Amino acid sequence: MANTDQGSSSIIEEQSDSDQSNLFTYIDRDNVHGLNLDVPERAKDIIKPWVDREDTTLFADSGVDDQMIIHVPFSETVRIRSVVLKLGRGEYTPRHLKIYANYPNIIDFADVENTTPHFNISLLEGETSAVEYPVRVAAFRSVHSLGLYVGDSVGGDQSRIYFIGFKGDCQSPRKEGTKKIEVPAPNAADASLVDRVLQKARGQQTTAR
């Protein structure tokens, strides 16, 4: 019985740590929007509580091709330490992620082509569970909105996302009328940091473009 209690205690502690760092409660879910989704309203469906991160009943598919953009605003200023994604399997798996912090408007596909992202990596393939990707915290220390671009699916026609989540902490309540918060420009260290962490954790190379 003692071993069972200890195991249960460890699970509770792990769940508590995840809950404390999970930023779901700070996401302005009513104002989450998606571009090039086959059903635009499904952008909100992939912003789920941490306990539902492995759920596959709700998801968002891309529309006319395999690219999509998800705009995620926050109700308070937050510091992002990692992004957690559960992606479609097989030919629906997107292989490329770009994240743009505090863009003045909802970023679109033309902006993606002409704007340097704060985070730019190749995603792991073959994963069936939600995967956590650490980011360079200095580039995401004062965030009020994120634009996430995914594309380059395995099949080349459509991408699917089941879950988008973030870990970090709240910095301060947003001031009324504050439209833009300065974020340090990205640099080449973003890619190498993520590559090293993912290599060590999973033994699989992750490359940044």
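Thresholds, definitions, all that
Residues numbered from 1 in each chain as written. Predicted model: local features only at pLDDT ≥ 70, side-chain atom pairs only at ≥ 80, totals over all residues. Heavy atoms only, no water. Helix = DSSP H or I, 4+ residues; strand = E, 2+ residues; numbered from the N terminus. Buried < 20%, exposed > 50% of the residue type's maximum accessible area, 1.4 Å probe, protein only. Contact = heavy atoms within 4.5 Å. Core = buried A, V, L, I, M, F, W, Y, C linked by side-chain atoms within 4.5 Å. Pairing = 2+ DSSP bridges. Phe/Tyr/Trp six-rings, centres within 6.5 Å; stacked < 30°, edge-to-face > 60°. Lys NZ or Arg CZ within 6 Å of the ring centre and 35° of its normal.

Peer 1: Account for the overall build of the protein, naming residues and giving values.
Peer 2: Looking only at helices and strands, one finds three helices and eight strands in the protein. Secondary structure elements of the protein, listed N to C terminal, follow the sequence α-β-β-β-β-α-β-β-β-β-α. In the protein, buried positions account for 43% of the 209 residues. Across the protein, the fraction of contacts at a sequence separation of at least 24, relative to all contacts at a separation of at least 6, is 83%.

Peer 1: Describe in detail the environment of L97, supporting the description with residues and values.
Peer 2: Along the chain, L97 turns up in strand β4 (residues 94-101). Judged by relative accessible area, L97 falls into the buried class, the value being 0%. Expressed as a C-alpha distance, the spacing of L97 and D152, which sit 55 residues apart in the sequence, is 9.1 Å.

Peer 1: Lay out the nonpolar core with the relevant residues and their values.
Peer 2: I80, L97, F140, L146 and F166 are the most contacted members of the largest nonpolar core, which totals 36 residues. Only β3 (68-87), β4, β5 (119-122), β6 (131-134), β7 (143-153) and β8 (160-173) provide two or more residues apiece to this core. With nine residues, the top contributor of residues to this core is β3. I80 has contacts with L23, F74, V135, V137, F140, V143, L146, F166 and K167, leaving out every residue within four places of it along the chain. If you look at the next biggest cluster of nonpolar residues, it comprises five residues, including I69, I107, V112 and Y149.

Peer 1: Describe the pairing of β4, naming the residues involved and giving the relevant values.
Peer 2: When you tally the buried positions in β4, you get seven out of eight residues, the bulk of the element. As defined by bridge partners, β4 adjoins β7 across seven bridges and the pair is classed as antiparallel. Residue Y100 lies in a different strand from β7, and its bridge partner there is G147. Inspection of the sheet shows β4 paired to β5 by four bridges, in the antiparallel sense. In the sheet register, K98 faces β5, and the bridge partner there is N120.

Peer 1: How would you summarise the environment of F59 if you had to cite specific residues and measurements?
Peer 2: Relative to the helices and strands, F59 resides in the loop between β1 (33-35) and β2 (60-61). When the C-alpha atoms of F59 and I47 are compared, they prove to be 9.5 Å apart, with 12 residues separating the residues in sequence. Ignoring sequence-local partners within four residues, the contact set of F59 consists of R42, I46, R160, I161 and Y162.

Peer 1: Please set out the packing of aromatic side chains residue by residue, giving values where relevant.
Peer 2: Applying the stated criterion across every chain yields a total of four aromatic pairs. Both rings, one in W50 and one in F163, keep their centres 6.4 Å apart while their planes meet at 70°; by these two values the pair is edge-to-face. One end of the pair, W50, is in the loop between β1 and β2; the other, F163, is in strand β8, with 113 residues separating them in the sequence. For F163, a relative accessible area of 0% translates into the label buried. Summarising the aromatic geometry, the rings of F74 and F166 are spaced 5.7 Å apart at their centres and angled 70° between planes, so their arrangement reads as edge-to-face. One end of the pair, F74, is in strand β3; the other, F166, is in strand β8, with 92 residues separating them in the sequence. You can call F166 buried: its relative accessible area is 1%. Seen from the ring of F59, R42 lies directly overhead, with NZ or CZ sitting 5.4 Å from the centre.

Peer 1: Explain the pairing of β7 to me, using residue names and the numbers behind them.
Peer 2: Across the 11 residues of β7, 10 count as buried, placing the element largely inside the fold. The sheet contact formed by β3 and β7 spans seven bridges and is antiparallel. Note on β7: the bridge partner recorded for V78 is V143.

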